[in-house]
Every structure is written in C-alpha cells, then in structure tokens.
Amino acid sequence: NAGVTQTPKFRVLKTGQSMTLLCAQDMNHEYMYWYRQDPGMGLRLIHYSVGEGTTAKGEVPDGYNVSRLKKQNFLLGLESAAPSQTSVYFCASTSGGGIRELFFGEGSRLTVL
Amino acid sequence: AQTVTQSQPEMSVQEAETVTLSCTYDTSESDYYLFWYKQPPSRQMILVIRQEAYKQQNATENRFSVNFQKAAKSFSLKISDSQLGDAAMYFCAYRRRIGNEKLTFGTGTRLTIIP
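Note that this is a predicted model, so its numbers are computed, not measured.

**Details of the overall build of chain B**
Line of reasoning, step 1. Within chain B, the secondary structure is distributed over zero helices and 12 strands.
Line of reasoning, step 2. The linear arrangement of helices and strands in chain B, starting from the amino end, is β-β-β-β-β-β-β-β-β-β-β-β.
Line of reasoning, step 3. Against the globule reference of 13 Å for 115 residues, chain B gives a C-alpha radius of gyration of 14 Å, in line with a compact fold.
Line of reasoning, step 4. Dimensions of chain B along its principal axes, counting C-alpha atoms only, are 45 × 25 × 20 Å.
Line of reasoning, step 5. Going through the 115 residues of chain B one by one, you find that 48% of them count as buried.
Line of reasoning, step 6. Intrachain contacts of chain B at a sequence separation of at least 6 include 55% that bridge at least 24 residues.
Line of reasoning, step 7. When the 13 positive and 11 negative side-chain charges of chain B are each reduced to one mean point, those points stand 6 Å apart.

**A look at the overall build of chain A**
Line of reasoning, step 1. The secondary structure content of chain A amounts to zero helices and 11 strands.
Line of reasoning, step 2. Along chain A, helices and strands appear, N-terminal first, in the series β-β-β-β-β-β-β-β-β-β-β.
Line of reasoning, step 3. In terms of C-alpha radius of gyration, chain A reaches 13 Å, essentially the compact-globule figure of 13 Å for 113 residues.
Line of reasoning, step 4. Expressed as lengths along the three principal axes of its C-alpha atoms, the size of chain A is roughly 35 × 30 × 25 Å.
Line of reasoning, step 5. Burial analysis of chain A (113 residues in total) assigns 51% to the buried set.
Line of reasoning, step 6. If you take every contact in chain A between residues at least 6 apart in sequence, the share linking residues at least 24 apart comes to 53%.
Line of reasoning, step 7. The distance from the centre of the 11 positive side-chain charges to the centre of the 9 negative ones in chain A is 5 Å.

**Thoughts on the environment of Arg96(B)**
All names here are of chain B.
Line of reasoning, step 1. You can see Arg96 is positioned in strand β10 (residues 88-96).
Line of reasoning, step 2. A relative accessible area of 29% places Arg96 in the partly exposed class.
Line of reasoning, step 3. As a C-alpha pair, Arg96 and Met11 span 85 residues in sequence and 28 Å in three-dimensional space.
Line of reasoning, step 4. Polar contacts involving the side chain of Arg96 include one to the side chain of Glu29, which spans 3.4 Å.

**Things to note about the nonpolar core**
Line of reasoning, step 1. Tyr25(B), Trp36(B), Phe75(B), Leu77(B) and Tyr90(B) are the most contacted members of the largest nonpolar core, which has 25 residues in total.
Line of reasoning, step 2. Among the secondary structure elements, those contributing two or more residues to this core are β3 (19-21), β5 (32-39), β6 (46-52), β8 (64-69), β9 (74-79), β10 and β12 (109-114) of chain B.
Line of reasoning, step 3. Looking at which element gives the most residues to this core, the answer is β10(B), with four residues.
Line of reasoning, step 4. Not counting the four nearest positions on each side in its chain, Tyr90(B) is found in contact with Gln6(B), Leu21(B), Trp36(B), Tyr37(B), Lys38(B), Val48(B), Phe64(B), Leu77(B), Ile79(B), Gly108(B), Thr109(B) and Leu111(B).
Line of reasoning, step 5. Formed by 21 residues, the second largest nonpolar core is a distinct cluster that contains Tyr31(A), Tyr33(A), Leu45(A) and Ala92(A).

Calculation rules
The written sequence of each chain sets the order in which its residues are numbered from 1. Here chains are named by letter from A upward and ligands by number from 1 upward, in the order in which they appear as written. Totals for whole chains, interfaces and linings use every residue, but because this is a predicted model, local features are given only for residues with pLDDT of at least 70 and side-chain atom pairs only at 80 or more, for both listing and counting. With hydrogens and water stripped out, all remaining heavy atoms of the structure feed into the side-chain values. Put simply, DSSP marks the helices as runs of H or I at least four residues long and the strands as runs of E at least two long, and each gets a number from the N terminus on. It is over C-alpha atoms that the radius of gyration is taken, and the globule rule equals 2.2 Å times the number of residues to the power 0.38. To sort residues, take the accessible area from a 1.4 Å probe on protein chains only and compare it with the maximum for the residue type: under 20% means buried, over 50% means exposed, and anything in between is partly exposed. Contacts: residue pairs with any heavy atoms within 4.5 Å of one another. In this charge count, Lys and Arg are treated as positive and Asp and Glu as negative; neither His nor the chain ends contribute. In plain terms, the charge of a residue is placed at NZ if it is Lys, CZ if Arg, CG if Asp and CD if Glu. A 3.5 Å cut-off defines polar contacts: any pair of N or O atoms within that distance qualifies, except that in protein one atom must be a possible hydrogen donor and the other a possible acceptor, and neighbouring residues in sequence count only when both atoms are side-chain atoms. Buried residues of nine kinds, namely Ala, Val, Leu, Ile, Met, Phe, Trp, Tyr and Cys, make up a nonpolar core once their side-chain atoms join them within 4.5 Å.

Pasting the structure below:
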C-alpha cells in the first residue's frame, strides 16, 4: 500500500539552485495538493490540482511552480531557491472535495543555505 | 478568506485523563466541513475526526469526540483516557462545501502526554 509517495525525503540546496519535488499517488485520486509546514504557522497551501492538466494557486504560491501532466503525479518546482523556502513540504491527495479525507505523504524536508 | 485559529500552541495531560483542544474559525459560509488531523513525531498526517456543519450531532470516534458550536464558530476536540500514543501535533482544518477544493489548517497544538 504505497498511498502517497514523495521524493526526495531530504534535500539541501544552495540559494539560487533549482529542484523538483515529486509526488506520486496510486489511489486514482483527482485532487492533489502541495503544502508547506513551518513552525508556528501550521500547513499552508502552495498549489493544488483538481485533475490532470489543471493547477491552481493556493495561499503561498510565490517562488513555486507545479505541473500535473499525469493524474498520478504532481510536481512542485523551485526555480531559484531562497532561504525563506526552507521548510517541510507535504503532498496530499483525495478523491474529491467535501468530507473526504486527505491522504498525505511523509513530507520532504528542504533546507536552502 | 476563511481562517482557522488554534489558540493553544501547547497542551499537556496526564495519561488516562481527558483533554480538550480548542479551535475557532471564521467564515461567512453556512455549509462546510471541519476536521482534526494528528501529526505524530513520524510526521505522518492522520485524520482523527470530521464533522459536517449541517449535522447538529457531534462526531465521535472511539476516545475522540468534538464539541461543535456552529453559532460560536467553535470546534473543539476532546480526547478521553489519554494514551502515550496520543502525543502529537493536532491540526484543526476547514473546508467550504461550495468550491470546496481547498483545506485550510490552523497553526496546530502540540499535545504532550505525561506518564
């Protein structure tokens, strides 16, 4: 039971470098999300997708881009990493809105020096 | 925009006792959904309990129950017979019913269980 898988789990970047976080889910879910978690700030939504080929901005989208070329994958990109992007990133997916549960990945810890 | 407030950054409780975590939210909607998620040290987010706003009856899941006060926009979580495995960060979350793609989280409450 893979569920939601995030890669990589840990990464250290230098300011200005780029990277991509990959989220893969095997539950055939339509909705996928990227959140960041910072101490004292809870989880904040970066971008989300309600289906293959769609993306939308969340609460804190600046400095990030996303793509959903395949239904099972949701990629989060940092084109030019900044220290303010040091965080733990969580991917989540769900079959729809409403009362449905979000299923989360284990998180990816990113440090930008 | 909807906001979710958890005013208790940290709470502690003796093992086997009962603890209540508070959550308030701000919305102009009348129909929505509320959730409590748990994040243990493993970082894995786990759904604890959920509530539909149009249901007056408070949700219950084993030792976990909620006190949903719609008029006061309050959604507290009660944990009975606290166990060591309940130690975690607890997040309250809100989702609108219409245009309900996004889940908005509070800042979390860290719960410590004292043996």
